[in-house]
Amino acid sequence: MKKLFIKTYGCQMNVYDSARMADLLAPLGYAPADVPDAADMVILNTCHIREKASDKVYSELGKLKLLKDEKAQSGGKMLIAVAGCVAQAEGEEIIKRQGAVDIVVGPQSYHRLPELIARINREKGHALDTDFPVEEKFDTLPEEIGTNGPTAFLTVQEGCDKFCTFCVVPYTRGAEYSRPVAQIEREARTLAGKGVREITLLGQNVNAYSGEGPDGETWSLAKLVRRLAKIQGVDRIRYTTSHPRDMSDDLIEAHRDVEALMPYLHLPVQSGSDRILDAMNRQHTRDDYLRLVERIRAARPDIALSSDFIVGFPGETDKDFADTMALARAVGYASHFSFKYSPRPGTPAATQKQVPEDVKAARLEELQELLFAQQRAFNRSCEGRTLDVLFEKPGRQAGQAIGRSPFLQPVHADNAADLIGRIVPVKIEKVFPNSLSARLLYPSRMAEAVS
Ligand code: 5AD
Ligand code: SF4
């Protein structure tokens, strides 16, 4: 067997893509390796969303070049491929900057990796493919899927037509595309057949999903979720990432009605200032967002909400930032991601006058102080409660297992190693900033009978 090392950066969509690249290369004799040393092929699946994420790629490539040289000295060969959004955005430039790179392949054309590898082995030089044949990609990817425990990602939608003025995604992932329902259902059944009990549906704009249904009609995400919830073994469904504009009534109703749909929603707001939301081209106001949150909570009162925030977008004043703080206080989030604005080449906001770095840093600190306090408060509110946990993997201590609550909090419990793959009610006993510790309600052999 040949050794394949894949390093994944960025979002969950990249995690899905990396797993599919491994599925694609398995028939060519490549088996996954944990380290790049002496690998026959290394793939960096890259992220272009913020400057820091992109920069990491070149320093990693420098290190890989040394490993490649080492392997060549002992008569071996290491292929280096750059995939993902940096590959899409920079293309040929990557090969110019780092000659050790053999293949550059974009996020919508990685299904052609076997051809690209064959070409490199046949001819000398480099191979580059940054086309957008997204439909062809999903038609060609192998039906055989490797799984890694009882949870899995499943990409249902790709690309984005929203063009927020800070964001590279519409350029790197291309136009919105929704996979047909039948194709998704087949993949979900395969996953369930391999013991997967929780599926997270992925899309850059997942709630804008509008795929072809088996009846020839266009199906919404809500309709897809209802369909997937019927599959035997699929006990938990999540989806990410959603845009406030596409949070339709039927999806909100699904949160009320569909038991498998977990009470957690990542709903990025980015800013709480109408002026900045407009400059970002978000296509909603702070009031739209607050009213939406009210409607979601009316349908599913215990839902845990999460968001992305950007501070220091060009033109953001102290007043705009105060509006963001006020919105976060008004909503009350269970978790969040927050970033300093990072100018991305080719996006409209990148050429505007920038907010000074020290102002961005101070705002980020203030916002994070509030949001982490909210997260701690949410976690504390779970103390003493009984929550269902899907145990996913062994913990650090012997006999310990780690899983997730319905609200996506990591939960660990002792004497639970034999419950991996099961959904078990546990009592939350201790609360930490980023995780919960629980006690089994029943000895694990009895819990087996319960789940
Ligand atoms: N600068 C900072 N954060 C960004 N994001 C996207 N583009 C940028 C940028 N240029 C953040 C947004 C998005 C998340 C995935 O990354 O908050 O929701
Ligand atoms: Fe980027 Fe906006 Fe599209 Fe999200 S909705 S992927 S932030 S352009």
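Everything numeric here is computed off the predicted structure, so don't read it as measured data. (Residues numbered from 1 in each chain as written. Chains lettered and ligands numbered in written order. Predicted model: local features only at pLDDT ≥ 70, side-chain atom pairs only at ≥ 80, totals over all residues. Heavy atoms only, no water.)

Re the overall build of the protein
Secondary structure assignment for the protein yields 15 helices and 21 strands. Its C-alpha radius of gyration of 23 Å places the protein within 12% of the 22 Å reference for a compact globule of 451 residues. C-alpha atoms of the protein, sized along the principal axes, occupy 60 × 60 × 50 Å. Scored against the burial criterion, the 451 residues of the protein give a buried share of 54%. Averaged over its 59 positive side-chain charges, the protein has a centre that lies 3 Å from the centre of its 62 negative ones. (Helix = DSSP H or I, 4+ residues; strand = E, 2+ residues; numbered from the N terminus. Rg over C-alpha atoms; globule rule 2.2 N^0.38 Å. Buried < 20%, exposed > 50% of the residue type's maximum accessible area, 1.4 Å probe, protein only. Lys, Arg positive; Asp, Glu negative; His and termini not counted. Charge placed at Lys NZ, Arg CZ, Asp CG, Glu CD.)

Things to note about the domain arrangement of the protein
Assigned domains of the protein: these are domain 1 (2-132), domain 2 (147-262), domain 3 (263-381) and domain 4 (386-450). A straight line from the C-alpha centre of domain 2 to that of domain 3 covers 24 Å. Taken together, the 23 residues of domain 2 in the interface contact 28 residues of domain 3. Roughly 2200 Å² of surface becomes buried between domain 2 and domain 3 when both sides are summed, with 62% attributable to carbon and sulfur atoms. (Domains from an automatic or database assignment. Contact = heavy atoms within 4.5 Å. Buried area = accessible area lost by both parts, 1.4 Å probe.)

Section: the site of ligand 2
Lining the immediate surroundings of ligand 2 are Cys160, Lys162, Phe163, Cys164, Phe166, Cys167, Val169, Pro170, Asn205, His243 and Arg282. By residue class, the composition of the shell around ligand 2 is seven nonpolar, two polar and two charged. (Near = heavy atom within 4 Å. Nonpolar A, V, L, I, M, F, W, Y, C, P; charged D, E, K, R; others polar.)

Points about the side chain of Gln409
Along the polypeptide, Gln409 turns up in the loop between strand E18 (401-404) and strand E19 (410-413). Reaching out from Gln409, the side chain makes a polar contact with the side chain of Ser405 at a distance of 2.7 Å. When near neighbours in sequence (up to four residues on either side) are disregarded, Gln409 contacts Phe378, Asn379, Cys382, Leu387, Gly403, Arg404 and Leu436. (Polar contact = N/O pair within 3.5 Å; in protein donor to acceptor, adjacent residues only side chain to side chain.)

Considerations on the pairing of strand E10 (residues 198-202)
Within E10, five of the five residues are buried, which leaves the element mostly enclosed by the surrounding structure. Side chains of E10 alternate between two faces, with Glu198, Thr200 and Leu202 and Ile199 and Leu201 buried alike. Relative to E10, strand E7 (residues 151-155) runs parallel, the two being bridged by five bridges. Across the sheet, Ala152 pairs through a bridge with Ile199, a residue of E10. In the sheet, E10 pairs with strand E13 (residues 236-240) via five bridges, with the strands oriented parallel. Residue pairing in the sheet places Leu201 in a bridge with Tyr239 of E13. (Pairing = 2+ DSSP bridges.)

Considering the site of ligand 1
Inspection of the region around ligand 1 gives Ile49, Arg50, Phe166, Gln270, Asp308, Ile310, Phe339, Lys340, Tyr341, Ser342 and Arg344 as its neighbouring residues. Here Arg50 contributes a side-chain N or O atom positioned 2.7 Å from an oxygen atom of ligand 1. Interatomic distance of 2.6 Å between a side-chain N/O atom of Asp308 and an oxygen atom of ligand 1. Summarising the interface, the protein chains cover 86% of the accessible area of ligand 1, which totals 400 Å² for the free molecule. Elements represented by at least two residues in the shell around ligand 1 include exactly strand E15 (304-311) and strand E16 (335-340). Looking at the shell around ligand 1 residue by residue, the classes come out as five nonpolar, two polar and four charged. (Areas by Shrake-Rupley, 256 points an atom, 1.4 Å probe, with all protein chains shown as cover.)

Thoughts on the side chain of Asp102
Its place among the elements puts Asp102 in the loop between helix H4 (92-97) and strand E5 (103-105). A distance of 2.8 Å separates a polar side-chain atom of Asp102 from the backbone nitrogen of Ile80. Apart from residues no more than four positions distant in its own chain, Asp102 is found in contact with Lys68, Met78, Leu79, Ile80, Ile120, Gly125, His126 and Ala127.

Considerations on the sheet that holds E13
On the basis of which strands lie adjacent, the open sheet formed by three strands has the order E7-E10-E13 and parallel pairing. The sheet is open, and its two borders are formed by E7 and E13, each paired with just one other strand. Each strand axis lies, on average, 25 degrees off the axis of its neighbour in the sheet, ignoring direction. Against the sheet, helix H1 (residues 12-25) engages E7, E10 and E13, with an angle of about 95 degrees to E7. Together, E10 and E13 form the strand contacts of helix H9 (residues 221-228), whose direction differs from that of E10 by roughly 160 degrees. (Axes fitted to C-alpha atoms, helices over the stretch in contact; angles between N-to-C directions.)

Some remarks on the nonpolar core
The biggest cluster of nonpolar side chains holds 53 residues, and the ones touching the most others in it are Leu201, Leu221, Leu224, Tyr239, Met247 and Tyr333. Two domains each put at least three residues into this core: domain 2 (147-262) and domain 3 (263-381). (Core = buried A, V, L, I, M, F, W, Y, C linked by side-chain atoms within 4.5 Å.)

Describing the packing of helix H10 (residues 249-257) against helix H12 (residues 286-299)
At a closest axis distance of 8 Å, the pairing of H10 and H12 adopts a crossing angle of 35 degrees. Within the contact between the two elements, H10 uses Asp249, Ile252 and Arg256 and H12 uses Leu292, Arg295, Ile296 and Ala299. For the contact of H10 with H12, the per-class residue count stands at four nonpolar, no polar and three charged.

A word on helix H8 (residues 181-193)
Its 13 residues give H8 an end-to-end C-alpha distance of 18 Å, which sits within 8% of 18 Å, the value for a rise of 1.5 Å per residue. Turning to H8, its buried residues are Val181, Gln183, Ile184, Glu185, Glu187, Ala188, Leu191 and Ala192. Just downstream of H8, Gly195 is the residue with a positive phi angle, here 95 degrees. (Expected span 1.5 Å × (residues − 1).)

A short note on the packing of H1 against helix H5 (residues 113-122)
The N-to-C vectors of H1 and H5 enclose an angle of 60 degrees; their axes lie 10 Å apart at closest approach. Judged by the angle between their axes, H1 and H5 are oblique. When H1 is examined against H5, the residues Met21, Leu24 and Leu25 are found in contact with a partner set consisting of Leu113, Pro114 and Ile117. When the residues that make up the contact of H1 with H5 are grouped by side-chain class, the tally is six nonpolar, no polar and no charged. (Parallel < 35°, antiparallel > 145°, perpendicular 65-115°, else oblique.)

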